[in-house]
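Chain by chain, the residues:
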Amino acid sequence: MTQPLVDVVGLETHFPVRKGLLRREVGAVRAVDGVSFSVERGRTLGLVGESGCGKTTVGRSILRLVEPTGGSVRFDGRDVLATGGADLRGLRRRMQIVFQDPYGSLNPRMKVRSILEEGLIIHRLGGADDRLERMTRALARTGLTAAALDRYPHEFSGGQRQRIAIARAIVIEPDFLVLDEPISALDVSIQAQVVNLLVELREQLGLTYLFISHDLSVVEYVSDDVAVMYLGRIVERAPAARLYAEPLHPYTLALFSAVPSVEPGRRRRRIVLTGDVPSPARPPSGCRFHPRCPLAEQVCRQVEPPATVIDGHAVHCHVAARELQQAGGDAAVAAARMAALMAPTAASASPAAV
Amino acid sequence: MNEIQSRGRQSHGFWAEAWARFRRKPLAMAALVFVAMLAAVAVLAPAIAGTKPVLCRYKGRLYAPCLGYFDRRLEPTVFAKDRFRGTYPKNLAEKDPDSWAIWPLVFQDPYRAVRENEWPGRPANPAKDEGRPSRINLFGTDQYGVDVFAKMVHGTTIALLVGVVSMGLAGTIGIIVGALGGYFGGWVDMLTSRITEIVMCVPTLVLILAVIAIVEKPTIWKTMAIIGATGWTGIARLTRGEFLRLRQSEFVTAARAAGAGPVRIMLRHILPNALAPVLVPITFGIASAILTESALSFLGFGPPPPAASWGSLLNDARSNLSMWWLVVFPGVAIFLTVLAYNLIGEGLQEVTDPRLREARK
């Protein structure tokens, strides 16, 4: 196994909650609370979870767009959290981000030329002629022409804007891209185009992706590995095919059951979770999922489940760990058991509930 | 994806589009034209009303004595040497029969009353309370017989300068203070916000009166400086709000991801987006600065004589209220100018604020 390009260990990003006249810190929103993963060069890690689970904060923490409060992030062997000034700028050339909303992420007062050129100027890449060539090349890669350079963002459609945002990210030739819900704000008809573009770019430029999304089918299509996040933690992580075939964590199972099936004959039974996601300011004890988990036991309320790893498939769940043990380490058998355990709740659930 | 290239039309930026929308607003445009006209009047004042030729030929050379209205030193010394004593028409004809001159549109002086036969065949300006508006004195004369129209034309400069200079100063201070507080937050914001609040508590008019009482030579520039130095609080607050809001925007985050530093982000990314909403209170501020100056002049703390602002004309009217023309004409001029700036501000707000704009494509 080669050295991973991005290695995140125990990442914590807490936002202080201040109250009162003196703005005393009364607590913290634990948006990201102990997240570890690594992405090898040329591979894509999909990060899924419902809104508010902290997946966006993970992406931004890695790029230091929000300051992490703990843990470590290593990029190509270098400690991202310890760098500053010129070193950080150098790292930022190699790590870029594409945001969800292509209407908000492009400065409305700047022409596409200035938007693309900015990174080149900051990182002193190329002279004036060379810059134009680089920009044209980046635009061509994203399916636009140099004619776009002299236009303003509002003259483009959502899909085109997202292409511009992608061009801005790749024009400075980074190694690693954080794709923060890059297609969620786009029309469905455009989503496939942009996803295919991203896959193409990964092959052509040898990019490494952290693909953040709540769209499970897109993540499955794009990613090599998938991590499922719940309330600031990763609850399950596995190679994409394994995770989708043999989900072990009750939350993953519930998440998958919510994906509408296109096959009319095969009606999936919906697992409906009760209650709301707890506040990340006061996360539950033990397993964070226990208040909503139909399989929760006494131990889940008290002990935080450690990772149980079988052939690169990691799951943080007491019940799943026991099932795996009983199945003698056969993930397929354990996954079937887990699905069966979850099934009764699916049957009794009312269809109106979400 | 190819529709972009085929569209050949010119690409318009935010301000070009705002201007296009502004042009379709008749009231705002009328106000803008009015202010532009005032600016023209201010610049051309000596050619509109005065007793010095705009251009004249005297003893074989060309002179422009009217420049003396801008600055005494610009008046050619020849005329002082030849003892013109400021009276051109008769002297020119007597001392050089071959001379000719182009006169201002209205032969009236803002600083003194025109005497009898100073202009061939014309009577002296009426003084006391008899100088009601006439064909010769369009807006009447004051109690010393000085033409009100000429005074007002030459006072236009002050009215415009007060607004533009003081708000230029206020805008600069306000944007810098607001930008620093809004962008950096934390203790910087705490500090700038408290300073803003303290300055906000200072009553401008009282401060100006106090300063004028203390300084040796009160000039209009000092008044402008004080109006500017106290009038930036609203602008600072608004700028702070805009910077706070835009600092969170994704294009700023994107710029940070690209490695941009705080200066670049503030100047290139946030300020251009914050400028439009900040320009609106600046425009309104110009209107209120003009009002403040008028109020000061009315109280007798205006520019030192002989320069006259519109407000000081109103002050003259206090001593004799039967001279209604001393109230009406300057009053209307102040009113219209303030109204014009307010209309421009409102128009600006409507064309730049997307929430006030109707359908946007």
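As the structure is a prediction and not an experimental result, all values here were calculated from the model.

A. The arrangement of the sheet that holds strand S1 (residues 55-58) of chain B in detail. Residues and elements named next belong to chain B. Read across the open sheet, the three strands follow the order S2-S1-S3; overall the sheet is antiparallel. Of all the strands in the sheet, the pair left with one neighbour each is strand S2 (61-63) and strand S3 (100-102). Strand-to-strand twist across the sheet, computed as the mean angle between neighbouring axes with direction ignored, equals 20°. Taken together, the three bridges between S1 and S3 define a ladder with antiparallel strand orientation. By the bridge assignment for S3, Cys 56 is matched with Ala 101.

B. Main features of the sheet that holds strand S8 (residues 208-213) of chain A. All names here are of chain A. Strand order in this open sheet of eight strands is S6-S7-S8-S3-S9-S10-S12-S11, and the pairing throughout is mixed. Strand pairing shows two members of the sheet lacking a second neighbour, strand S6 (95-98) and strand S11 (308-310), which therefore form its edges. This sheet shows a mean twist of 20° between the axes of neighbouring strands, independent of strand direction. Bridge count between strand S3 (residues 44-48) and strand S9 (residues 225-230): four bridges; the pairing is parallel. Considered in S9, the bridge of Val 48 is made with Val 228. With respect to the sheet, helix H5 (residues 158-170) is in contact with S6 and strand S7 (176-180), its orientation differing from that of S6 by roughly 175°.

C. Expanded view of the pairing of S1 of chain B. All names here are of chain B. Only one face of S1 is buried: it carries Cys 56 and Tyr 58, and the other face, with Leu 55 and Arg 57, is open. One ladder, built from three bridges, connects S1 with S2; its direction is antiparallel. The partner of Cys 56 across the bridge, within S2, is Tyr 63. The antiparallel hairpin formed by S1 and S2 contains two residues in its connecting segment, where Lys 59 sits at a positive phi of about 50°.

D. Here's a closer look at the domain arrangement of chain A. Residues and elements named next belong to chain A. When the domains of chain A are assigned, the result is domain 1 (6-227) and domain 2 (247-348). Contacts between the two partners involve eleven residues from domain 1, matched on the other side by seven residues from domain 2. Of all the secondary structure elements, the ones that give two or more residues to the side of domain 1 that touches domain 2 are strand S2 (24-39) and helix H7 (216-222). Per-element tally for the side of domain 1 that touches domain 2: the top contributor is S2, with six residues. Residues of the side of domain 1 that touches domain 2, tallied by class, amount to five nonpolar, three polar and three charged.

What counts and how
- Residues numbered from 1 in each chain as written.
- Chains lettered and ligands numbered in written order.
- Predicted model: local features only at pLDDT ≥ 70, side-chain atom pairs only at ≥ 80, totals over all residues.
- Pairing = 2+ DSSP bridges.
- Helix = DSSP H or I, 4+ residues; strand = E, 2+ residues; numbered from the N terminus.
- Axes fitted to C-alpha atoms, helices over the stretch in contact; angles between N-to-C directions.
- Contact = placed C-beta atoms within 7 Å.
- Buried ≥ 20, exposed ≤ 12 C-beta atoms within 10 Å, placed from the backbone.
- Domains from an automatic or database assignment.
- Nonpolar A, V, L, I, M, F, W, Y, C, P; charged D, E, K, R; others polar.

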